[in-house]
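Here are the chains, one letter per residue:
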Amino acid sequence: MSRKVTDKAVVNRPTRHAKTIIIGSGFAGLGLAIRLTQQGRNDYLVLERGSDVGGTWRDNTYPGAACDVPSHLYSYSFELNPNWSRSFSRQGEIQQYIEKVSARYGVRDKHLFDCDVTSARWNNDSAVWEIESSQGSFTADTVVSAVGALCEPALPDIKGINGFEGEVFHSARWNHDADLTGKRVAIIGTGASAIQIVPAIAPKVGRLDVYQRTAPWLLPRLDRPYTKAERLAFRHVPGLQRLSRAAIYAARETQVVGLAKVPALMQVLELVAKAKLRGEIRDPELRAKVTPNFRIGCKRMLISNDYYPTLARPNVDVVTDGIAEVRKNSIVTKDGTEREIDALIVATGFHVTDSPTYDTITGRDGRTLSEVFDEIGQQGYKGSTIANFPNMFFLLGPNVGLGHTSMVYMIESQINYVADALATVDRMGLRTVEVRRDMQDAYNKDLQQKLSGSVWVTGGCSSWYLDKHGNNTTLWPDFTFEFRRRTKRFDVAAYDVSLSRADLKAVAQ
Ligand code: NAP
């Protein structure tokens, strides 16, 4: 949601209407499109700013990109894949899977690709959403925002960075034309993206400076290729894939106890991480530099087997002095040291709690989502609806994020909820549905109470999980099966509703 509509042909296009418009086609938007098709609700469109499905897996093509959740769990429950080549899939294989699913379920012709939504505004009089995009205007009875939290790259506000004259790009917008071979490269950030990039590029660059602000916790990555026999078994032995998926799910869910309920238990994982650190980094000075100073789990736990060994390479330096400024061809740290570089990789994450897309959505009372969030924080109801935004649903909205297991599980829970909401609207002949503010407030009070004892709040770190009010508005603070239970059915009693004109007439007669 960013570019302006300038093309005259596009501006003159007549406004198109669809009953439901889905914005974004990553795992979430695509999954909902498939569900709507399966339900025979074919009057929908998916507006996708990229030129294919896949979302974050289409965009994050940086060297080493791979998933931290095992393959058999990180896939749709309705489309298991016996052919995963590894226990943890790499970006290319996941993207291929998503593309294949979109073709198999026949939903690609419902997509408008390269369609960048620039604004969505609720019209109270006609009870429709008015949408502007790089491909013209649309109206919709219902809009589903499926853009996700990790779509808008965050660039660091560092003095002079715009004046850097070498190659500079964000991890999520990798410039594959830039040849880093033999170059002096700097990378800013040591999050999930950076710790995959560093080992992937270190062997080919001349020098690599890793600018670390906060040392992350690392755990072993239990990744390995699947043998041919295993893949055959997954394909032919009935129930084996489901069993493997269920076992991974159950094992991962045990982490919720430590993360969300009894953070002291996280010390067990801390012992594992410390042993790994001791085993993989011999140099005490480097080890001290990369030893985290907060409870494990407070920030996202990372998994890697090659990050620490890469830091120990002679051509890699970990720089912890803090960046004072970026110059035309160098970085100067706060201690005054200047390091010359040819290329700068910015692996500084995403606008999660302050997404620019929030400025482009205007609700019932004329306020944008940003303005509403400014006042109350990034709050919603079941991560799926927000008061003041009638007939709008969110996939991956507030407090549905996870640090321990598959987001696809949460997405499918929300798809159940939204699909049931759309069916309820039709069945009851509703013109509008808008979550009641008192229900939203009570829901968030409960969430924040649960979160107050979690490692994300008590663990002694600052992270992108917290919004500017200091509240964790990104993560789900309980077992994921509890979220599944709560989103099984659309609870229309939690909503203010209005009847359609035809139904109002019938009631009046
Ligand atoms: P991230 O986790 O937000 O990490 C950003 C890094 O940049 C942090 O080390 C941060 O330091 C640093 N940083 C930010 N602003 C800075 C500044 N002004 N100066 C210096 N350092 C700065 O971003 P990410 O690595 O792209 O990952 C984002 C999320 O994407 C992950 O948490 C995960 O959910 C997902 N992801 C998943 C995978 C996977 O499954 N393997 C891979 C990549 C991404 P501080 O820690 O001090 O803030």
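Residues numbered from 1 in each chain as written. Predicted model: local features only at pLDDT ≥ 70, side-chain atom pairs only at ≥ 80, totals over all residues. Heavy atoms only, no water.

Caption draft 1: How the structure looks around the overall build of the protein chain. Helix and strand content of the protein chain: 17 helices and 20 strands. Dimensions along the principal axes, computed over C-alpha positions, put the protein chain at roughly 85 × 55 × 45 Å. Counting only residues that meet the buried cut, the protein chain has 56% of its 509 residues in that class. Considering only contacts within the protein chain whose residues lie at least 6 apart along the sequence, 73% involve residues at least 24 apart. Of the roughly 21,900 Å² of accessible surface on the protein chain, a fraction of 52% belongs to carbon and sulfur atoms. Once the 64 positive and 57 negative side-chain charges of the protein chain are each reduced to a mean point, those two points are 5 Å apart. (Helix = DSSP H or I, 4+ residues; strand = E, 2+ residues; numbered from the N terminus. Buried < 20%, exposed > 50% of the residue type's maximum accessible area, 1.4 Å probe, protein only. Contact = heavy atoms within 4.5 Å. Areas by Shrake-Rupley, 256 points an atom, 1.4 Å probe, with all protein chains shown as cover. Lys, Arg positive; Asp, Glu negative; His and termini not counted. Charge placed at Lys NZ, Arg CZ, Asp CG, Glu CD.)

Caption draft 2: Spatial organisation of the sheet that holds strand 7 (residues 167-170). Strand order in the open sheet formed by five strands is 7-16-8-9-12, and the pairing between neighbours is parallel. Both edges of this open sheet fall to strand 7 and strand 12 (316-319), since each of them pairs with a single strand only. On average, adjacent strands in this sheet sit at an angle of 15° to one another, irrespective of strand direction. Pairing geometry for strand 9 (residues 207-211) and strand 12, over four bridges, is parallel. When the sheet's bridge partners are listed, L208 is paired in strand 12 with V316. (Pairing = 2+ DSSP bridges. Axes fitted to C-alpha atoms, helices over the stretch in contact; angles between N-to-C directions.)

Caption draft 3: Representation of the site of the ligand in the model. Not every one of the 22 residues close to the ligand is listed here, only the nearest: A66, D68, T190, S193 and T214. Within the contact set of the ligand, a nitrogen atom lies 2.8 Å away from a backbone nitrogen or oxygen of A66. With respect to the ligand, the side chain of D68 contributes an N or O atom lying 2.8 Å from a nitrogen atom. Tallied by class, the residues present in the shell around the ligand amount to 10 nonpolar, eight polar and four charged. Taken domain by domain, the shell around the ligand gets at least three of its residues from each of domain 1 (7-152 + 352-508) and domain 2 (161-216 + 279-346). (Near = heavy atom within 4 Å. Polar contact = N/O pair within 3.5 Å; in protein donor to acceptor, adjacent residues only side chain to side chain. Nonpolar A, V, L, I, M, F, W, Y, C, P; charged D, E, K, R; others polar. Domains from an automatic or database assignment.)

Caption draft 4: The arrangement of the pattern of salt bridges in detail. Taken as a whole and judged by the stated rule, the model has 33 salt bridges. Between R436 and D438 there is a salt bridge whose closest N-O contact spans 2.7 Å. Given the relative accessible area of 25%, R436 is considered partly exposed. Using a relative accessible area of 44% as the deciding quantity, one classes D438 as partly exposed. Linked through salt bridges whose partners overlap, the residues forming this network are K261, D446, K450, D478, E482, R485 and R486. (Salt bridge = Lys/Arg side-chain N within 4 Å of Asp/Glu carboxyl O.)

Caption draft 5: Examining empty space enclosed by the protein more closely. As enumerated under the stated definition, the model contains two cavities of 30 Å³ or more in all. Roughly 50 Å³ of internal volume is contained in the largest cavity. If you trace the largest cavity, you find it lined by V256, L259, A260, G401, L402, G403, H404, W456, L475, W476 and D478. Looking at which element gives the most residues to the lining of the largest cavity, the answer is helix 8 (residues 255-261), with three residues. Split by residue class, the lining of the largest cavity holds seven nonpolar, three polar and one charged. There is about 40 Å³ of room inside the second largest cavity. The wall of the second largest cavity is formed by T385, I386, F389, P390, N391, M392, F393, V433, E434, V435 and Y495. Per-element accounting of the lining of the second largest cavity gives the leading share, three residues, to strand 19 (residues 430-435). Considered class by class, the residues forming the lining of the second largest cavity number eight nonpolar, two polar and one charged. (1 Å grid on protein atoms, 1.4 Å probe; cavity = no way out; pocket = protein on both sides within 12 Å on 5 of 7 lines; lining within 4 Å. Points joined across faces, edges and corners; volume = space filled by probe spheres on them.)

Caption draft 6: Local environment of a nonpolar patch on the surface. Together, V257, V262 and L265 line one region of the surface with nonpolar side chains, adding up to about 210 Å² of accessible area. Within the secondary structure, L265 is located in the loop between helix 8 and helix 9 (266-280). Given a relative accessible area of 44%, L265 falls into the partly exposed group. (Patch = residues over 30% accessible without salt bridge, like charges linked within 9 Å, V, L, I, M, F, W, Y side chains within 5 Å.)

Caption draft 7: Spatial organisation of unusual backbone geometry. With phi around 55°, K382 is a residue other than glycine that occupies positive phi space. Of the residues examined, K382 reaches a relative accessible area of 9% and is grouped as buried. The phi torsion at N391 lies on the positive side, around 50°, for a residue other than glycine. Locating N391 in the fold gives a position in the loop between helix 12 (369-376) and strand 18 (392-394). Residue classification places N391 among the buried positions, given a relative accessible area of 4%.

Caption draft 8: Representation of the packing of aromatic side chains. Applying the stated criterion across every chain yields a total of 22 aromatic pairs. Considering the side-chain rings of Y381 and Y443, the 5.3 Å spacing of their centres and the 65° angle between planes classify their relative orientation as edge-to-face. Placement of Y381 in the loop between helix 12 and strand 18 and of Y443 in helix 14 (residues 437-451) is noted, with a sequence separation of 62 residues between them. Overall, Y381 belongs to the buried group, its relative accessible area being 4%. In this structure Y443 comes out as buried when scored by relative accessible area, which is 7%. Taken together, the ring pairs in this structure connect F27, W57, Y74, Y76, F78, W84, Y97 and Y105 into an aromatic cluster. Here R484 stacks its cationic end above the ring of Y409, 4.0 Å away from the centre of that ring. (Phe/Tyr/Trp six-rings, centres within 6.5 Å; stacked < 30°, edge-to-face > 60°. Lys NZ or Arg CZ within 6 Å of the ring centre and 35° of its normal.)

Caption draft 9: Molecular detail of the domain arrangement of the protein chain. You can read the domains of the protein chain as domain 1 (7-152 + 352-508) and domain 2 (161-216 + 279-346). Of note, the centres of domain 1 and domain 2, computed from C-alpha atoms alone, are 33 Å apart. Counting residues at the interface gives 22 residues for domain 1 and 20 residues for domain 2. Of the roughly 1,700 Å² buried between domain 1 and domain 2, counting both surfaces, carbon and sulfur atoms make up 51%. (Buried area = accessible area lost by both parts, 1.4 Å probe.)

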